[in-house]
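# Residue-level structure breakdown
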Amino acid sequence: MSLAFGTRKGNDEADAGPTGPAAPGTQHLLRRKRRREAARTLAFLSPWLIGFGVFFAYPLISTVYFSFTSYNGFGTPAFSGLKNWDYVFNQLPAFWQGLRNTLWLVVVMVSLRVAFGLGIGMLITKVKTGAGFFRTAFYLPYLAPPVAATVAFAFLFNPGTGPVNHLLGELGLPQPGWFASEDWSKPALTLLAMWGVGDLMVIFMAALLDVPRDQYEAAELDGAGPFQRFRYVTLPNISPIIMFAVVTGVIQTMQYYTQAIVAGKVASGIAGGSGQPFEPGYPGGSTWTLPQMVYNLGFQRFNYGAACVVALVLFAISMAVTSILLRRRSGFMASDG
């Protein structure tokens, strides 16, 4: 027994002898291999990393920095602490009005655009003849330039001379002031957004046509009606597309600028000509949004610090709303399970 154990110990020492000194070299080769793999990965990621750093990280860090400084775009920034934040939140009433208008547009405009785009997409997928014509007819308004579309809409909905109010009068219906009314300006902008719903229509049509037909057939065999088939078959299959439409709609509406300011200019009678004085938000600040405030503070009043504060508020609200939607998706649409 002792001989056998002694022999095995000797064999172990013999086996360990050659490999022991080679272990550090093997580890060195492994480290070099890992470094090469890391360098290769960084090389493939470098376009994204450069874009992220130049177009997101650097602007975000700069915005945070300038929000704590007094800077007019020409001199040297001077640190001012929380002065800009106090000015925006406590001494600038237009900020809260712009925040209310922006959130109103986010809630109402995004909801109606998604619902309208989904409804139009479902109707066109059911059309047997002329589907191509209807697809083109509903998609073309989306291709119209925002300024041209807003100017055309403002003239169509002109309370005095527009054909829309003329038609409503012929039907004996109320004739709102639309873009010239504080109560109807935001609904009019919402109608403009719904008119250009072609992008969502195309996305929803693609998603609806991708729903497996056998699931509809199984639901019909089980006696499910149209509403039940929509709820238990359609929604679970297109819920990722709905989530995409809602999230991108929220982000776009938080940046809502062009249509609101152009509609206000046309409704106020300042449709063109540079140098004419115009206070954004016409009528009565009802179309005043936070992106307009960023432009007004930064490029008209040269108060870059306050403009950066408003921009950071927009960024924070967009991130918060997006996070809530992603976490609570089951609260307003069918779950994946």
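Structure shown above.
A brief structural summary. (Residues numbered from 1 in each chain as written. Predicted model: local features only at pLDDT ≥ 70, side-chain atom pairs only at ≥ 80, totals over all residues. Heavy atoms only, no water.)

### A word on the overall build of the chain
Counting its regular elements, the chain contains 13 helices and two strands. By residue count, 34% of the 337 residues in the chain fall in the buried class. Considering only contacts in the chain between residues 6 or more positions apart, those separated by 24 or more positions represent 67%. Of the roughly 20300 Å² of accessible surface on the chain, 65% is carried by carbon and sulfur atoms. (Helix = DSSP H or I, 4+ residues; strand = E, 2+ residues; numbered from the N terminus. Buried < 20%, exposed > 50% of the residue type's maximum accessible area, 1.4 Å probe, protein only. Contact = heavy atoms within 4.5 Å. Areas by Shrake-Rupley, 256 points an atom, 1.4 Å probe, with all protein chains shown as cover.)

### With respect to the packing of aromatic side chains
Evaluated as defined, the whole model comprises 21 aromatic pairs. Here the aromatic rings of Trp 48 and Phe 52 are separated by 5.0 Å at their centres, their planes lie at 15°, and the arrangement is stacked. Here the residue Trp 48 and the residue Phe 52 both occupy positions in helix 1 (residues 2-66), the gap between them amounting to four residues, near one helical turn. Aromatic pair Phe 133 and Phe 134: ring centres 5.4 Å apart, planes at 70°, arrangement edge-to-face. A relative accessible area of 59% places Phe 133 in the exposed class. On the basis of relative accessibility, which here comes to 34%, the residue Phe 134 falls in the partly exposed class. An aromatic cluster of three or more residues is present, and its members are Tyr 65, Phe 66, Tyr 71, Tyr 257, Tyr 295, Phe 299 and Tyr 304. (Phe/Tyr/Trp six-rings, centres within 6.5 Å; stacked < 30°, edge-to-face > 60°.)

### Points about unusual backbone geometry
In most cases, non-glycine residues show a negative phi, while peptide bonds are predominantly trans. Residue Pro 283 is reached from Tyr 282 by a cis peptide bond, and omega for that bond is 0°. Relative to the helices and strands, Pro 283 resides in the loop between helix 11 (258-268) and helix 12 (290-300). Even without glycine at this site, Trp 178 takes up a positive phi of about 50°. Considering the arrangement of structural elements, one finds Trp 178 in the loop between helix 6 (163-170) and helix 7 (185-195). Using a relative accessible area of 7% as the deciding quantity, one classes Trp 178 as buried.

### Remarks on the pattern of salt bridges
The final tally for this structure, using the stated rule, is one salt bridge. Ionic pairing is found between Arg 113 and Asp 199, a salt bridge with its closest N-O pair at 3.0 Å. Highlighted residues: Arg 113 in helix 3 (residues 93-126) and Asp 199 in helix 8 (residues 198-209), separated in sequence by 86 residues. Look at Arg 113 and you get buried, because its relative accessible area is 12%. (Salt bridge = Lys/Arg side-chain N within 4 Å of Asp/Glu carboxyl O.)

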